[in-house]
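Single-letter residue listing:
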Amino acid sequence: MSERLGGIICLACGAQLPESLRWTASLRCHGCRELEAPLRADLARWERESRRALFETLGSSAGEASTAA
Ligand SMILES: [Zn+2]
């Protein structure tokens with residue numbers, strides 16, 4: 001259940017970041033960092049909303065809001 005919320009993705013290409021990069025709180029994978037690829041606004045927004053959803057889930061016992069389109 002927490003897999004989707006806990007997953008950290010590269011905000012430039014959307015690939016899932018390896019465990020090693022999660023420790024550094026990196027926003028991009030190795031390839032994108034080398035290319036200095038810009039962050040994608042939609043992916044950055046997705047991550048932000050995922051984190052907010054996580055906090056909301058932790059903050060209330062009402063369950064998950066599944067109205068997201
Ligand atoms: Zn990437």
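Just so you know, these numbers come straight off a predicted model, no measurement behind them.

The rules behind each value
- Residues numbered from 1 in each chain as written.
- Predicted model: local features only at pLDDT ≥ 70, side-chain atom pairs only at ≥ 80, totals over all residues.
- Helix = DSSP H or I, 4+ residues; strand = E, 2+ residues; numbered from the N terminus.
- Core = buried A, V, L, I, M, F, W, Y, C linked by C-beta atoms within 7 Å.
- Buried ≥ 20, exposed ≤ 12 C-beta atoms within 10 Å, placed from the backbone.
- Contact = placed C-beta atoms within 7 Å.
- Expected span 1.5 Å × (residues − 1).
- pLDDT = per-residue confidence, 0-100.

Undergrad: I'd like to hear about the overall build of the chain, residue by residue, with values.
TA: Helices and strands together make up the secondary structure of the chain, namely four helices and zero strands. Listing each helix as α and each strand as β along the chain from the N terminus yields α-α-α-α.

Undergrad: Outline the nonpolar core, listing residues and values.
TA: In this structure, Cys10, Leu11, Ala12, Leu17, Cys29 and Cys32 together form the largest nonpolar core, which totals six residues. Setting aside its immediate chain neighbours within four residues, Ala12 contacts Arg28, Cys32, Ala37, Pro38, Leu39 and Arg40.

Undergrad: Quick rundown of helix α4 (residues 41-59)? Include the residues and the values.
TA: Spanning 19 residues, α4 covers 27 Å between terminal C-alpha atoms, matching the ideal 27 Å at 1.5 Å per step. Along α4, only zero of the 19 residues are buried, which leaves the element largely exposed.

Undergrad: So what about unusual backbone geometry? Which residues, and what values?
TA: Not every positive phi belongs to a glycine, and Glu36 is a case in point at roughly 55°. Relative to the helices and strands, Glu36 resides in the loop between α3 (30-35) and α4. Taking the number of C-beta atoms within 10 Å as the measure of exposure, Glu36 has 8 and is therefore exposed.

Undergrad: Explain the environment of Arg45 residue by residue, including any values.
TA: Within the element layout of this structure, Arg45 appears in helix α4. Between the alpha carbons of Arg45 and Leu11 there is a distance of 9.2 Å; along the sequence they are 34 residues apart.

Undergrad: Pulling in residues and values, what's your account of the confidence of the model for the chain?
TA: Averaged over every residue, the pLDDT of the chain is 78; residues scoring 70 or more account for 77%. Across residues 1-5, confidence stays below pLDDT 50; counting only partners more than four residues off in sequence or on other chains, it has three contacts.

Undergrad: Which residues make up the environment of Arg40, and what values do they have?
TA: Position of Arg40 among the secondary structure elements: in the loop between α3 and α4. Residue classification places Arg40 among the partly exposed positions, given that 15 C-beta atoms sit within 10 Å. Along the sequence, Arg40 and Ala12 sit 28 residues apart, while their C-alpha atoms lie 5.1 Å from each other. Apart from residues no more than four positions distant in its own chain, Arg40 is found in contact with Leu11 and Ala12.

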